[in-house]
Amino acid sequence: MQAVLTIDARHAEAPNFSETSLTELTQALLLLLCAVMMGYIRYRYRVLRAISLLMGAFFAMSLIRENDLWLDTYVFDGAWECLVALVALPSLVVTIRTRHDFVDEFAQVSNSLGFGLFAGGFLTTYVFSRLYGRSELWQALMGDHYLRVVKDAAEEITELTGYSLLLFASIELLLMGKALYQARSASNQRSQVPVGASETTAPAATVPSPCSAGSAR
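The structure displayed is predicted, hence computed values, not measured ones. (Residues numbered from 1 in each chain as written. Predicted model: local features only at pLDDT ≥ 70, side-chain atom pairs only at ≥ 80, totals over all residues. Heavy atoms only, no water.)

Novice: Mind showing me how you'd approach the overall build of the protein chain here?
Specialist: In terms of regular secondary structure, the protein chain is built from ten helices and zero strands. Traced from its N-terminal end to its C-terminal end, the protein chain shows the element sequence α-α-α-α-α-α-α-α-α-α. A total of 217 residues make up the protein chain; the buried ones form 33% of that total. In the protein chain, the proportion of contacts linking residues at least 24 apart, taken out of those at least 6 apart, comes to 68%. As displayed, the protein chain has an accessible area near 13,300 Å², and 65% of this comes from carbon and sulfur atoms. (Helix = DSSP H or I, 4+ residues; strand = E, 2+ residues; numbered from the N terminus. Buried < 20%, exposed > 50% of the residue type's maximum accessible area, 1.4 Å probe, protein only. Contact = heavy atoms within 4.5 Å. Areas by Shrake-Rupley, 256 points an atom, 1.4 Å probe, with all protein chains shown as cover.)

Novice: Would you mind going over the nonpolar core with me for this structure?
Specialist: Nonpolar side chains in soluble globular proteins tend to end up buried together. The biggest cluster of nonpolar side chains holds 27 residues, and the ones touching the most others in it are I41, M55, F59, F118 and L173. The contact partners of M55, leaving out residues within four places of it in the chain, are M38, F118 and L173. Core analysis: the second largest hydrophobic core is formed by five residues, L71, A79, W80 and V84 among them. (Core = buried A, V, L, I, M, F, W, Y, C linked by side-chain atoms within 4.5 Å.)

Novice: I tried to follow helix α7 (residues 113-132) on my own but got confused; where do I start?
Specialist: One turn of the α-helix equals 3.6 residues, which is why residues spaced by three or four share an orientation. Maximal helix bending in α7 amounts to about 35°, located at T124. By the burial criterion, the buried members of α7 are G114, F118, G121, T124, T125 and S129. (Bend = angle between axes of the 7 residues up to and from the residue.)

Novice: Can you help me understand the pattern of salt bridges in this one?
Specialist: Pairing between side chains of opposite charge can happen when their charged atoms approach one another. In the structure shown here, the tally under the stated rule is five salt bridges. When the shortest N-O distance is used, the salt bridge between R148 and D152 registers 3.5 Å. Here R148 pairs with D152, and both are found in helix α9 (residues 148-206), just four residues apart, close to one helical turn. A relative accessible area of 19% means that D152 is categorised as buried. (Salt bridge = Lys/Arg side-chain N within 4 Å of Asp/Glu carboxyl O.)

Novice: Help me understand unusual backbone geometry, please; the structure alone is not making it clear to me.
Specialist: Glycine aside, the phi torsion of most residues is negative, and most peptide linkages are trans. Positive phi, close to 55°, is recorded for R46, a residue that is not glycine. Summarising the element assignment, R46 is placed in the loop between α2 (22-45) and α3 (49-66). In this structure R46 comes out as partly exposed when scored by relative accessible area, which is 45%. A positive phi angle, close to 50°, is found at L48, a residue other than glycine.

Novice: Is there a simple way to explain a nonpolar patch on the surface in this structure?
Specialist: On the surface, a cluster of nonpolar side chains totalling about 340 Å² of accessible area is made up of L29, L32, L33 and V36. With respect to the element layout, L29 can be found in helix α2. (Patch = residues over 30% accessible without salt bridge, like charges linked within 9 Å, V, L, I, M, F, W, Y side chains within 5 Å.)

Novice: What exactly am I supposed to notice about the confidence of the model for the protein chain here?
Specialist: Any residue range with low pLDDT should be treated as having predicted coordinates unsuitable for detailed reading. Per-residue pLDDT for the protein chain has a mean of 86; in total, 88% of the residues score no lower than 70. Put simply, helix α10 (residues 210-216) is where the protein chain has its lowest mean pLDDT, 46, and α7 is where it has its highest, 95. Note that pLDDT drops below 50 for residues 204-217; the model gives that stretch zero contacts with residues more than four away or on any other chain. (pLDDT = per-residue confidence, 0-100.)

Novice: How should the packing of aromatic side chains be read in this particular structure?
Specialist: Given two aromatic rings, their pairing is described by the distance between the two centres and the angle made by the two planes. If you walk through the whole model with that rule in mind, you get 16 aromatic pairs. With a centroid separation of 5.3 Å and an interplanar angle of 90°, the aromatic rings of Y40 and Y45 are classed as edge-to-face. Judged by its relative accessible area of 40%, Y40 is partly exposed. Ring geometry for F58 and F118: centres 5.9 Å apart, planes at 75°, overall edge-to-face. Placement of the pair is F58 in helix α3 and F118 in helix α7, with a sequence separation of 60 residues. (Phe/Tyr/Trp six-rings, centres within 6.5 Å; stacked < 30°, edge-to-face > 60°.)

Novice: Which parts of the structure should I look at to understand the layout of surface pockets?
Specialist: Empty space among the atoms becomes visible once a probe the size of a water molecule is rolled across them. Volume-wise, the largest pocket comes out at about 400 Å³. Residue lining of the largest pocket: 20 residues in total, with R65, E66, D68, R130 and E159 positioned closest to the centre. Secondary structure elements with two or more residues in the lining of the largest pocket: α3, α5 (79-97), α7 and α9. Per-element accounting of the lining of the largest pocket gives the leading share, six residues, to α9. (1 Å grid on protein atoms, 1.4 Å probe; cavity = no way out; pocket = protein on both sides within 12 Å on 5 of 7 lines; lining within 4 Å. Points joined across faces, edges and corners; volume = space filled by probe spheres on them.)

Novice: What am I meant to see in the packing of α2 against α3 here?
Specialist: The packing of two helices is summarised by the inter-axis angle and the distance between the axes. One can describe the packing of α2 onto α3 by two numbers: an axis separation of 8 Å at closest approach and a directional angle of 160°. Relative to α3, the element α2 is oriented roughly antiparallel. For the pair α2 and α3, the crossing hand works out as left-handed. Contacts between α2 and α3 involve E24, Q27, A28, L31, L32, C34, A35, M38, I41 and R42 from the former and R49, A50, S52, L53, M55, G56, F59, A60, S62, L63 and E66 from the latter. Of the residues that constitute the contact of α2 with α3, the class distribution is 13 nonpolar, four polar and four charged. (Axes fitted to C-alpha atoms, helices over the stretch in contact; angles between N-to-C directions. Parallel < 35°, antiparallel > 145°, perpendicular 65-115°, else oblique. Left-handed = near helix turned anticlockwise from the far one by under 90°. Nonpolar A, V, L, I, M, F, W, Y, C, P; charged D, E, K, R; others polar.)

Below, the structure written as structure tokens:
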């Protein structure tokens, strides 16, 4: 917030909360980090694969939506919508095919701190900030002194708060995925050790040695 005050609010010419502002760039960076962490859970730890796929697709679509102006300007008008569809449709198809795994993983994750932070970040960014950033609200508050930059600042900073919660949620889910991966690896090791030990010790316990047989004779 100090950086927002120094760079965006105290801009050399005027307050700036446009697409090139620190606030907007930080939002995009946080979404990118969230998407990368979901991919790491899915492909490195190979746990919570259905949940991480769906959440990673959600973060990727949000990142694309945050950069809609650049895509419409430098690619073509409506490019961000096409990219969102290309991310959403395959993810939904895979999630539907693995819906039983998704239900089991959701039951496992739903009571975790990471999911609680995700829910808080989602509601803050995609519900509250939209209501809080309505032009009608700020026009009613400021009347004839309405300034759009005030409305933009309120909405974008609220979104930044929600994205921060989503980042913390992703970190918590990453730690949860790491713990599940380590527990699974330890369980696999414990299940393999007794089998090998029994194979090596069983013959020694049942077959008499030649020396003992000769002494008995």
